[in-house]
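# Chain and residue survey
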Amino acid sequence: MQPFDYSDPTTLDEAVALLARLGERAVPMAGGTDLIVQMKEGVRRPAHVVDLKRVPGLDGLSFDDARGLRIGALATTRAVETSPVALLHYASLARACTDFASIQIRHRATVVGTSVKRTDLLDKVTGAARFVADMALPGLLHARIKRSTVAHARIVSIDASR
């Protein structure tokens, strides 16, 4: 793994300022389960890692009828799978989080972390971005997260005939 600088800000303002100042040289880290593996394999080589774990308030889950489920950037898959709100209103999402990985990984892996892209990072960190959970999808009966068993593989088709 290539050497890198590390910061662990304790406020949202500090994290946003740090990421803005460092620009493309830095990557945010929520759970780190994907990022660290990618760094070890040489797929990603950030000069600076900004760990968001100590920033309070980013791990929340909330629900209201108008906006639906809101998942914080640091909410773990375990938190979503056991959330009474997710179980009641988004049972398929809760189930998908259960099938996501081992219990040890689910306690660390974040739901949003693997989706963070550099182009819209600040929108996601500040809450201005729209996520799938923010959108009403009429007729959606079931959804499941499918991950490849091969590192960095791309799933090109899924047989859903069963």
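As a reminder, the structure under discussion sits directly above these lines.
Residues numbered from 1 in each chain as written. Predicted model: local features only at pLDDT ≥ 70, side-chain atom pairs only at ≥ 80, totals over all residues. Heavy atoms only, no water.

### Remarks on the overall build of the chain
As a reminder, the rule being used: Helix and strand labels come from DSSP, where a helix needs a run of H or I of at least four residues and a strand needs a run of E of at least two; each type is numbered from the N terminus. Think of it in three bands: residues with accessible area under 20% of the maximum for their type are buried, residues over 50% are exposed, and the middle band is partly exposed, with areas taken using a 1.4 Å probe on protein chains only. Any two residues whose heavy atoms approach within 4.5 Å at even a single point are treated as in contact.
Along the chain, the regular secondary structure elements total 7 helices and 5 strands. Reading the secondary structure of the chain in the N-to-C direction produces β-α-β-α-β-β-β-α-α-α-α-α. In the chain, buried positions account for 33% of the 162 residues. A sequence separation of at least 24 residues applies to 57% of the contacts in the chain between residues at least 6 apart.

### Regarding the nonpolar core
Using the following cut-off: To form a nonpolar core, buried Ala, Val, Leu, Ile, Met, Phe, Trp, Tyr and Cys residues must be joined to one another through side-chain atoms within 4.5 Å.
If you look at the biggest cluster of nonpolar residues, it comprises 11 residues: Ala15, Leu18, Leu19, Leu22, Ala26, Ala30, Val50, Leu52, Val55, Leu58 and Leu74. Core analysis: the next-biggest nonpolar cluster, separate from the first, contains 8 residues, Leu69, Ile71, Ala75 and Val112 among them.

### Re the pattern of salt bridges
For the record, the criterion: Only one rule defines a salt bridge in this text: a Lys or Arg side-chain nitrogen within 4 Å of an Asp or Glu carboxyl oxygen.
Summed over the entire model, instances satisfying the criterion amount to 3 salt bridges. A salt bridge links Glu81 to Arg78, with the nearest nitrogen and oxygen atoms 3.0 Å apart. Note that Glu81 and Arg78 are positioned in helix 3 (residues 77-82) at a spacing of 3 residues, about one turn of the helix. Where salt bridges share partners, they join Arg78, Glu81 and Arg106 into one cluster.

### Some words on the packing of aromatic side chains
Using the following cut-off: Working definition: a ring pair exists when centres of Phe, Tyr or Trp rings (six-membered ring for Trp) sit within 6.5 Å. Plane angles under 30 degrees give stacked, over 60 give edge-to-face, the rest tilted.
Under the counting rule described, the total for this entry stands at 1 aromatic pair. Here the aromatic rings of Phe63 and Tyr90 are separated by 6.3 Å at their centres, their planes lie at 70 degrees, and the arrangement is edge-to-face. With a gap of 27 residues between them, Phe63 in strand 4 (residues 61-64) and Tyr90 in the loop between helix 4 (84-89) and helix 5 (91-99) connect regions that are remote in the sequence.

Function cannot be inferred from these measures alone, as they are strictly geometric.
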